[in-house]
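Here are the chains, one letter per residue:
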Amino acid sequence: MADEATRIWQTIVELHQAVKEFSLEADEMGLGYKTFLQPAQEQKHTLEHIIRAKADELSGGKKAYTIKSLEKALGHSYRAFFDSADFISITLRDKILDTLAPYPLDIIAIACPDYFKTIKPRLRQLDKRIAKHRQAKDAAKPTGIASVVKEYQQTLTELGAIYDQIMSCVPDLEAEKLRRRKTFIWGLAIKIIIGIAVGVIVIGLGVYLFGSKP
């Protein structure tokens, strides 16, 4: 029984570290940098069950109740992790799409040449992997929680790296967009000037040819 309690404690500690990291990151990604409340609520329930387990242990109560309370604490901590991780995964993918949305595909291909070759296909793979993580959330047994969490952490790390890569392309995207805008404006100006010049010439010829006759 003691070994079982120790195992659960170890998993709770590992989850707490992950939840702390991701909940803070989720806060930073949230609108107005406000606290993302759902993980905090789950952590509150986690603490309540931990206190119950410790109180039972200190009072010499039933070991089975201690284990049950720790398992409930683990469940809430697990949900807190997924609340944060899911929020981050959705937000990062939205930010990637929003960052690229203002630019035509041909500009993206020039300014961020790796996007269509490697980044976009990798994003599709990560979408599928994240879907599997979310499915595993409900199917995972207590003994498999740690591995599910580790795999999701690795996925988010990779997704974050892709987001950073996309953001590093923004200066080049803006420069190419500006270059094309200037080219368009100059082209339009030249057409207008040519049109005016042709008009003046036509009018001049008309005056010369027909206006000088008695």
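Residues numbered from 1 in each chain as written. Predicted model: local features only at pLDDT ≥ 70, side-chain atom pairs only at ≥ 80, totals over all residues. Heavy atoms only, no water.

1. Quick look at the overall build of the chain
- Counting its regular elements, the chain contains six helices and zero strands.
- In the chain, the order of α-helices and β-strands from amino to carboxyl end is α-α-α-α-α-α.
- Summing over all exposed atoms, the chain offers an accessible surface of approximately 13,700 Å²; the carbon and sulfur share of this is 62%. (Helix = DSSP H or I, 4+ residues; strand = E, 2+ residues; numbered from the N terminus. Areas by Shrake-Rupley, 256 points an atom, 1.4 Å probe, with all protein chains shown as cover.)

2. Regarding the pattern of salt bridges
- With the rule as written, the count across this model stands at nine salt bridges.
- Ionic pairing is found between Glu 4 and Arg 7, a salt bridge with its closest N-O pair at 2.7 Å. Taken together, the residues span about one helical turn, with Glu 4 and Arg 7 both in helix H1 (residues 2–29) at a distance of three residues.
- Note that Glu 158 and Arg 129 form a salt bridge whose closest N and O atoms lie 3.7 Å from each other. Highlighted residues: Glu 158 in helix H6 (residues 145–211) and Arg 129 in helix H5 (residues 114–139), separated in sequence by 29 residues.
- The exposure class assigned to Arg 129 is partly exposed, which follows from its relative accessible area of 26%. (Salt bridge = Lys/Arg side-chain N within 4 Å of Asp/Glu carboxyl O. Buried < 20%, exposed > 50% of the residue type's maximum accessible area, 1.4 Å probe, protein only.)

3. Points about the side chain of His 76
- Structurally, His 76 can be placed in helix H3 (residues 63–100).
- Owing to a relative accessible area of 14%, His 76 belongs among the buried residues under this scheme.
- Of note is the side chain of His 76, whose polar atom sits 3.1 Å from the side chain of Arg 79.
- Other than its neighbours up to four places away in sequence, His 76 contacts Glu 42, His 45, Thr 46 and His 49. (Polar contact = N/O pair within 3.5 Å; in protein donor to acceptor, adjacent residues only side chain to side chain. Contact = heavy atoms within 4.5 Å.)

4. Overview of the packing of aromatic side chains
- As enumerated under the stated definition, the model contains six aromatic pairs in all.
- Judged by centre distance (5.6 Å) and plane angle (90°), the ring pair of Phe 81 and Phe 82 falls under edge-to-face.
- Aromatic pair Tyr 115 and Phe 116: ring centres 5.0 Å apart, planes at 80°, arrangement edge-to-face.
- By relative accessible area, Tyr 115 is classed as buried at 8%. (Phe/Tyr/Trp six-rings, centres within 6.5 Å; stacked < 30°, edge-to-face > 60°.)

5. Things to note about the environment of Leu 37
- Position of Leu 37 among the secondary structure elements: in helix H2 (residues 37–58).
- Residues Leu 37 and Ala 80, spaced 43 residues apart in sequence, show a C-alpha to C-alpha distance of 9.9 Å.

6. Points about H2
- Under the 1.5 Å per step criterion, the end-to-end length of H2 is 32 Å for 22 residues, consistent within 8% with the ideal 32 Å.
- In the segment just after H2, Gly 60 is the residue with positive phi, at about 70°. (Expected span 1.5 Å × (residues − 1).)

7. Focus: the side chain of Thr 11
- Residue placement: Thr 11 occurs in helix H1.
- Take Thr 11: its relative accessible area is 9%, and that puts it in the buried class.
- Apart from the residues within four sequence positions on either side, Thr 11 is in contact with Leu 74 and Ile 145.

8. Considering a positive patch on the surface
- On the surface, a cluster of positive charge is made up of Lys 120, Arg 124, Lys 128 and Lys 132.
- Locating Lys 128 in the fold gives a position in helix H5. (Patch = residues over 30% accessible without salt bridge, like charges linked within 9 Å, V, L, I, M, F, W, Y side chains within 5 Å. Lys, Arg positive; Asp, Glu negative; His and termini not counted. Charge placed at Lys NZ, Arg CZ, Asp CG, Glu CD.)

9. A look at the nonpolar core
- In terms of nonpolar packing, the biggest core is built from 45 residues, with Phe 81, Ile 96, Tyr 115, Leu 159, Ile 166 and Leu 173 touching the most fellow members.
- Elements that contribute at least two residues to this core include exactly H1, H2, H3, helix H4 (105–111), H5 and H6.
- For this core, the element with the highest residue contribution is H3, accounting for 13 residues.
- Among residues more than four places away in sequence, those in contact with Tyr 115 are Leu 100, Ile 108, Lys 120, Pro 121, Leu 123 and Ile 166. (Core = buried A, V, L, I, M, F, W, Y, C linked by side-chain atoms within 4.5 Å.)

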